[in-house]
Structures are given as C-alpha cells and as structure tokens.
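Tertiary structure, described
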Amino acid sequence: MSDYDYDLFVIGGGSGGVRAARIAATHGARVGIAEEYRYGGTCVIRGCVPKKLFVYASKFSEEFEDAEGFGWSVGERTFSWQKLVAAKDQEITRLEGIYRRNLERTNVEVHDSRAVLEDAHTVRLLSTGQTVTAKYILIAVGASPNVDSGLPGGEHVITSNEAFHMSELPGKVVVSGGGYIAVEFAGIFNGLGVDTTLIYRGEEILRGFDMDLRTTVRQEMEKKGIKVILNDTFASIDKMPDGSLLGKTSGGKILSADRIMFAIGRNPHTRDLGLERAGVEVDGSGAIRVTPDSRTNVDNIYAVGDVTNRANLTPVAIREGHAFADTVFGGNPWTVDHSLIATAVFSQPEMGTVGLTQEEALKRTPDLDIYKSSFRPMKHTLSGRDEKMLMKMIVDAKTQRVLGVHIVGPDAGELAQILGVTLQMGATKADFDRTIAVHPTAAEELVTMREPTERLRG
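**Some points on empty space enclosed by the protein**
With the rule as written, the count across this model stands at 1 cavity of 30 Å³ or more. The computed volume of the largest cavity comes to approximately 30 Å³. Forming the boundary of the largest cavity are Pro292, Asp293, Ser294, Arg310, Glu320, Ala323, Trp334, Thr335, Val336 and His338. Partitioned by chemical class, the residues of the lining of the largest cavity number 4 nonpolar, 3 polar and 3 charged.

Set out below in structure tokens:
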C-alpha cells in the first residue's frame, strides 16, 4: 500500500496538465488534479479558442465587401457584440465539459480549488484547507498577462482576459504590444468596426519571426485601417470624467480611447504557489527551471507548459505533459524536441511559419538560397481587394535542405501544419521541386519557385 494519497497530483487544469493526468491514469497511476478557475486553461477558456472565434467574426466585414465582386448583392448588415460573446461562452462551456468528462472517464479525481505546495510531497487545497500527498507532483499552472505595474494609470487598462467579457464593444481602442496576442486583437477589433491603434516599443511588430513576414503583416494591417505606432510606449494613462481614457506616450503622443488593452507579454503563474517551501528553483522571470524531461531540481516534482517558459504554445504543453506521463508512469521515456515547431499567428492577414527565420539561419550558415514570392491571392482578382500574399523559403545552399518556410496570407496556419511534417522529415528543395503542383491554389507557389530571389554567401 502506498504511503501517499496519489501517485501523481497535478496543479493546473490546462491542456498540459490535463493531458498528463489522463495519460498517467491510463498507465495505472492514481491521479488527482486541481484547477482554481475552469478546466481547459488559458487556451480553451480565455486564449486561442475564443480568440479564433472572434477572428472568424471579425473577418465577415471583409467577406461581405468581397462578395460584391462575385456577383452578390449584400443588403443591410448589423453586428451584435452581445450575441457573439454569448455564442462564444456557450462553446467554451461545452469544451470545458469535455475536459472534465475526459478526466472523469480515466478516473482522475478532480478538485475545483487553487492548490499550493506545502512541501515536496504535500499539496494544500485552499478551497477546503485539505492537504493531500503525492509521490510525484506536476506543476502546470501556465502564465498570466503582464501589466506594467509601475505605469501611472495602469489600473485602467484591460488585458486579453477582460477583452473576452466586455459588456459592450468599444468605439475606439488602443492595443499596447507587438506580439501575436496584440496583433491578433488589433485585427479583431478593426474587423468589428472599432477605431484601432496598435502601439509597440520595438522597431517592428512580431519580434522573433522572420523580418520579411513582420514587415508584410504590418503593412497589410495598415492597409486595413489599423494605425500602427512603433518605437513608442505609454508613459501614463488618465481616466476622463466621461469614462474615456487618455494615454500619453514616451514619444509625446496623446492617444484617446474607450479601452486600452495591454498585451505586452505573459508571466509564469508561480507567485504564491509555495515553490520555496518545496525547494523548487525558478529563474529571474519566475519560470520554473526544468531539465529536458521536465524535471525540476526536486526529483519528484516536474513542470510543463508556459510555467517553464520554454516554448509557450498549447500543443507544446500537451506534448510535454504526454512525455512526462509516458516517462514516469508508462515505462516509455521520451522528451519533446523544441527545435522545430510549426506555428500560426491569426493576424489579418494570417501568418504560418515553421523552421528557422532568415536571421536565425544566417547564424547557422552564411550560405543560403532565399526563395520569395509575393502575389495577389486569386480570390482578390475579383474582389478587388488590395492585399498581397507572401511565401518565403530558406534553403541551406550547400545541403539544399529546407531550413524554414514562412507564409503570410489566407489559410497560412493550415499550410504550416503540413509543412512542419516535411521539415521534420528533412525535406530538401529538390523534394519540393519534384512535387506536382495543385492548381489553382496559392500553395502551388511552394513547389514552383525554381530560382532563388537572393543568394547569400559568406
């Protein structure tokens, strides 16, 4: 008989924690899990899933306009923010129910409570004060939006958390930040008819992505009416008597808005978790330090997902949770390869990317062949919309291995998924060249770009 209440206790009911709990239970472990808010975590409840539903909603304004070019006469149209929020809430409730049922079907004991560490084997459930013990503990509490606490008037801003639950759609919004959350919400607000400004401290939005894509997305956003301010940030925010906000920037600009949304990064959600009582080490940002197999410095405590600040994406957290459970409870040790991760930014236009950026590739080898194609998507030959699509392929000139593929345009995220498979298999430019094109599609450009647009040699 075990001396512990559980073989595994998971703190955090997001995608990574839930996957780990379920897989460990199927391996025969006695598993408990605690979540203080709603099961499904940031992605399902207040992140990628509701965000993409909002992206879909925001695109209809352009779809109605484009229909005219194809012979459709679109009559009067109105939009109800309240109906969208209600429909989104209904879908999120459905998904949370699925997460709960999947846990229960695998006999995972579910606790609706915030949980904190008391020591390396003990967890306290704050809703009841109960303590439980476990042989292994997995921390999967994710991250939370960062708000500049030192900003005068910072209490007046919202984050993506609140943006999903606003009672009314504002007429004028300023989004602070240049990452994927900021860019995606700028597109959402703009598509829903909101006067939208994006302000970012850097020289170009979407830091970390290929520069050609960063520039293309920003230019296309500006075509759609989003005002983009670079190399600037808020210095203070004041609330006016009528409830509106007045933001002053470090560069001397005055920005008025009904809402100011901050999307300036996310912090590992480790505060007041009791890590120090268990002896778990964190880095300077508060992220839990882990080995490649997700083990902390305490042998029986592991951590996965955004709380480790490795690759902060939901599918990565799921893979890390699965790897942990197979390794510790399934007798099948394996680790997640973080070096090649396909991803999408649901900006408008959309961005899909896999592999190295040009800047990263140059650090590996000075000899690159760059293939680029920029063109108007076929749909817009009749819609008349001034929007360009960009495809870019980065090839090692010596080995001809494809190091990165980057796309801006419709369904770029869908393309990135299958491209991730090809790059994972080590595809070369010759593999793309001998693949017959699917016509007429935008994707055929990937197999018909024959001559490099640029040859870089060290």
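**Remarks on the environment of Asn309**
Structurally, Asn309 is set in the loop between strand 16 (301-303) and helix 9 (314-329). Setting aside chain neighbours within four positions, we find Asn309 in contact with Ser285 and Ala287. Polar contacts involving the side chain of Asn309 include one to the side chain of Asn312, which spans 2.9 Å.

**With respect to the sheet that holds strand 12 (residues 245-249)**
Spatially, 3 strands are ordered 11-12-13 in an open sheet, and the strand pairing comes out antiparallel. Looking at which strands have only one partner, the edges of the open sheet turn out to be strand 11 (234-239) and strand 13 (254-257). Each neighbouring strand pair of the sheet contributes to a mean axis angle of 20°, computed without reference to strand direction. Bridge analysis of strand 12 against strand 13 gives 4 bridges, and the strand direction is antiparallel.

**Notes on the packing of helix 3 (residues 48-67) against helix 4 (residues 81-105)**
Two numbers describe how helix 3 lies on helix 4: the axes approach to 10 Å, and their chain directions differ by 145°. In the packing of helix 3 onto helix 4, the handedness of the crossing is right-handed. Residues Val49, Pro50, Leu53, Phe54 and Ala57 of helix 3 pack against Trp81, Leu84, Val85, Lys88, Glu91, Ile92 and Leu95 of helix 4. When grouped by side-chain class, the residues that make up the contact of helix 3 with helix 4 number 10 nonpolar, no polar and 2 charged.

**Re the packing of aromatic side chains**
Applying the stated criterion across every chain yields a total of 11 aromatic pairs. Here Tyr136 and Phe329 contribute two aromatic rings whose centre-to-centre distance is 5.6 Å and whose plane-to-plane angle is 80°, an arrangement assigned as edge-to-face. Separated by 193 residues along the polypeptide, Tyr136 in strand 6 (residues 131-139) and Phe329 in helix 9 bring together distant segments of the chain. For the pair formed by Tyr136 and Phe329, the shared burial category is buried. For the pair Phe185 and Phe189, a centre-to-centre distance of 6.0 Å together with 40° between the ring planes defines the contact as tilted. A residue pair is termed a helical-turn pair when its members lie 3 or 4 positions apart in one helix, as Phe185 and Phe189 do in helix 6 (residues 180-191) at 4 residues. The exposure class of Phe185 is buried, given its relative accessible area of 3%. On the basis of relative accessible area, Phe189 is assigned to the buried category, the value being 2%. One residue, Lys429, lies across the ring of Tyr371, its end atom 4.4 Å from the ring centre.

**Digging into a nonpolar patch on the surface**
Nonpolar side chains collect at one region of the surface, where Phe70, Trp72 and Leu382 lie side by side and expose about 370 Å² of accessible area between them. If you trace the backbone, Leu382 turns up in helix 11 (residues 379-383).

**Describing the side chain of His380**
Looking at the secondary structure, you find His380 in helix 11. Overall, His380 belongs to the buried group, its relative accessible area being 5%. Those residues within four positions of His380 in sequence are excluded, and the remaining contacts are Asp66, Arg385 and Glu387.

**Quick word on the pattern of salt bridges**
Side chains that differ in sign of charge can pair as their charged atoms come close. Following the criterion strictly, the structure yields 35 salt bridges and no others. Here Lys392 makes a salt bridge to Asp210, at a shortest N to O gap of 2.8 Å. Of this pair, Lys392 sits in strand 20 (residues 389-396) while Asp210 sits in the loop between strand 9 (195-199) and helix 7 (211-223), and the two are 182 residues apart along the sequence. Put simply, Lys223 and Glu220 hold a salt bridge, and the shortest N to O gap is 3.1 Å.

**What about the environment of Lys227?**
Mapped onto the fold, Lys227 is located in strand 10 (residues 227-229). Separated by 30 residues in the primary sequence, Lys227 and Thr197 place their C-alpha atoms 4.6 Å from one another. Not counting chain neighbours up to four residues away, the residues in contact with Lys227 comprise Asp195, Thr196, Thr197 and Leu198.

**Regarding the layout of surface pockets**
A probe as big as a water molecule, rolled over the atoms, marks out the empty space that is left. Space inside the second largest pocket adds up to approximately 440 Å³. Along the wall of the second largest pocket there are 21 residues; nearest its centre are Lys59, Glu63, Lys379, Pro410 and Asp411. The biggest single contributor to the lining of the second largest pocket is helix 3, with 8 residues. Residue classes in the lining of the second largest pocket are distributed as 7 nonpolar, 3 polar and 11 charged.

**Overview of helix 7**
With 13 residues, helix 7 should cover 18 Å at 1.5 Å per step; its first-to-last C-alpha distance of 18 Å lies within 8% of that length. Of the residues making up helix 7, those classed as buried are Leu213, Arg214, Thr216, Val217, Arg218, Glu220 and Met221. On its buried side, helix 7 packs onto helix 6, strand 9, strand 10, strand 18 (351-355), strand 20 and strand 21 (402-408). A positive backbone phi angle near 105° is found at Gly225, which sits one or two residues after helix 7.

**Focus: unusual backbone geometry**
What you tend to see is this: most non-glycine residues have negative phi, and most peptide bonds are trans. Cis geometry marks the peptide bond from Gln348 to Pro349, where omega comes out at 10°. Relative to the assigned elements, Pro349 resides in the loop between strand 17 (343-345) and strand 18. Omega for the peptide link from His439 to Pro440 comes to -5°, which places this bond in the cis form. In this model, Asn309 sits at a positive phi of 55°, which is unusual for a non-glycine residue.

Calculation notes
- Residues numbered from 1 in each chain as written.
- Predicted model: local features only at pLDDT ≥ 70, side-chain atom pairs only at ≥ 80, totals over all residues.
- Heavy atoms only, no water.
- 1 Å grid on protein atoms, 1.4 Å probe; cavity = no way out; pocket = protein on both sides within 12 Å on 5 of 7 lines; lining within 4 Å.
- Points joined across faces, edges and corners; volume = space filled by probe spheres on them.
- Nonpolar A, V, L, I, M, F, W, Y, C, P; charged D, E, K, R; others polar.
- Helix = DSSP H or I, 4+ residues; strand = E, 2+ residues; numbered from the N terminus.
- Contact = heavy atoms within 4.5 Å.
- Polar contact = N/O pair within 3.5 Å; in protein donor to acceptor, adjacent residues only side chain to side chain.
- Pairing = 2+ DSSP bridges.
- Axes fitted to C-alpha atoms, helices over the stretch in contact; angles between N-to-C directions.
- Left-handed = near helix turned anticlockwise from the far one by under 90°.
- Phe/Tyr/Trp six-rings, centres within 6.5 Å; stacked < 30°, edge-to-face > 60°.
- Buried < 20%, exposed > 50% of the residue type's maximum accessible area, 1.4 Å probe, protein only.
- Lys NZ or Arg CZ within 6 Å of the ring centre and 35° of its normal.
- Patch = residues over 30% accessible without salt bridge, like charges linked within 9 Å, V, L, I, M, F, W, Y side chains within 5 Å.
- Areas by Shrake-Rupley, 256 points an atom, 1.4 Å probe, with all protein chains shown as cover.
- Salt bridge = Lys/Arg side-chain N within 4 Å of Asp/Glu carboxyl O.
- Expected span 1.5 Å × (residues − 1).

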